[in-house]
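Observations on the model geometry
As a plain string of letters, each chain reads:
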Amino acid sequence: MTETAAQRRRRRLRAEVTRRAVALFAAQGYAATSTGQVAAAADVSRSTLFRLFADKEDLLFGLEDDLLAAAATAVADAPPDLSPWAALRTAAVAIAGRVAPLRDLLLTREQVVAGVPALRSRAAAELRRWEAALADGLAARGVPAGDALLLAKLVVACFEVARAGWLAGEAGDLPDLLTAALDRLPGLLEA
């Protein structure tokens, strides 16, 4: 499905508001920053802010909505001759390429999240959303639900390891680090 001009504008506005919110949360603290301050910093009204984001936490995690949809679509639309694992792997590496330009934002977000227990819970819930999105993509390819979820959990675990190393400054870009983690997995399972 092709993105319309209105959808592109909305996506860009959401990204800009998220960047401003994360910067404010990092500078002032999450609890000390109001949604009104975020709206003012992003030059949008509070009503626009809440049309774009469900709540204050969503300001930190809302960018993942577009990535989740893209991930499920990438898995479902992978060439039909690919195995479920190959389709999932291809999609995950492609999504890692889309995440890579967000490194600075993600680093700052990690710092904000680390200091707020509720945000750490939300971050864990986001991982479950990633698993569900990838499993949905596999289910659309006819993969049984249990197998789809198992494969999705494996890929998300590899993504978590790659992302943690990448954010910690490990050499390599995120898609390469993810590929390396995915390549290590079969050997680890047979060891």
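Before any of the text, the structure's been laid out above.
Reference entry: report on the structure contained in this document. Because the structure is predicted, anything quoted here is derived from the model rather than measured. (Residues numbered from 1 in each chain as written. Predicted model: local features only at pLDDT ≥ 70, side-chain atom pairs only at ≥ 80, totals over all residues. Heavy atoms only, no water.)

Let's talk about the packing of aromatic side chains
Counted under the stated rule, the structure contains 2 aromatic pairs. Between Phe25 and Tyr30, the ring centres sit 4.9 Å apart and the planes meet at 65 degrees, which makes this aromatic pair edge-to-face. Given the relative accessible area of 2%, Phe25 is considered buried. Here Tyr30 falls in the buried class, since its relative accessible area comes to 13%. Ring centres of Trp130 and Phe159 lie 6.4 Å apart, and the angle between their planes is 15 degrees; on these two criteria the pair is classed as stacked. Of this pair, Trp130 sits in helix 8 (residues 117-140) while Phe159 sits in helix 9 (residues 145-167); the two residues are 29 residues apart in sequence, bridging distant segments of the chain. The same class applies to Trp130 and to Phe159, which are both buried. The cationic tip of Lys56 hangs over the ring face of Tyr30; the distance from NZ or CZ to the ring centre is 4.5 Å. Between Arg103 and the ring centre of Trp166, over which it is positioned, the NZ or CZ distance is 5.8 Å. (Phe/Tyr/Trp six-rings, centres within 6.5 Å; stacked < 30°, edge-to-face > 60°. Buried < 20%, exposed > 50% of the residue type's maximum accessible area, 1.4 Å probe, protein only. Helix = DSSP H or I, 4+ residues; strand = E, 2+ residues; numbered from the N terminus. Lys NZ or Arg CZ within 6 Å of the ring centre and 35° of its normal.)

Points about the environment of Thr73
Looking at the element boundaries, Thr73 is found in helix 5 (residues 64-76). Separated by 3.0 Å, the side chain of Thr73 and the backbone oxygen of Ala69 make a polar contact. (Polar contact = N/O pair within 3.5 Å; in protein donor to acceptor, adjacent residues only side chain to side chain.)

Some remarks on the packing of helix 1 (residues 5-28) against helix 7 (residues 103-114)
Viewed as axis vectors pointing N to C, helix 1 and helix 7 meet at an angle of 45 degrees, and their least axial separation amounts to 9 Å. Regarding the angle of helix 1 to helix 7, the classification is oblique. When you trace helix 1 past helix 7, the crossing you get is left-handed. Residues Thr18, Arg19, Val22, Phe25 and Ala26 of helix 1 touch helix 7, and the partners they reach there are Leu105, Thr108, Arg109 and Val112. Counted by class, the contact of helix 1 with helix 7 contains 5 nonpolar, 2 polar and 2 charged residues. (Axes fitted to C-alpha atoms, helices over the stretch in contact; angles between N-to-C directions. Parallel < 35°, antiparallel > 145°, perpendicular 65-115°, else oblique. Left-handed = near helix turned anticlockwise from the far one by under 90°. Contact = heavy atoms within 4.5 Å. Nonpolar A, V, L, I, M, F, W, Y, C, P; charged D, E, K, R; others polar.)

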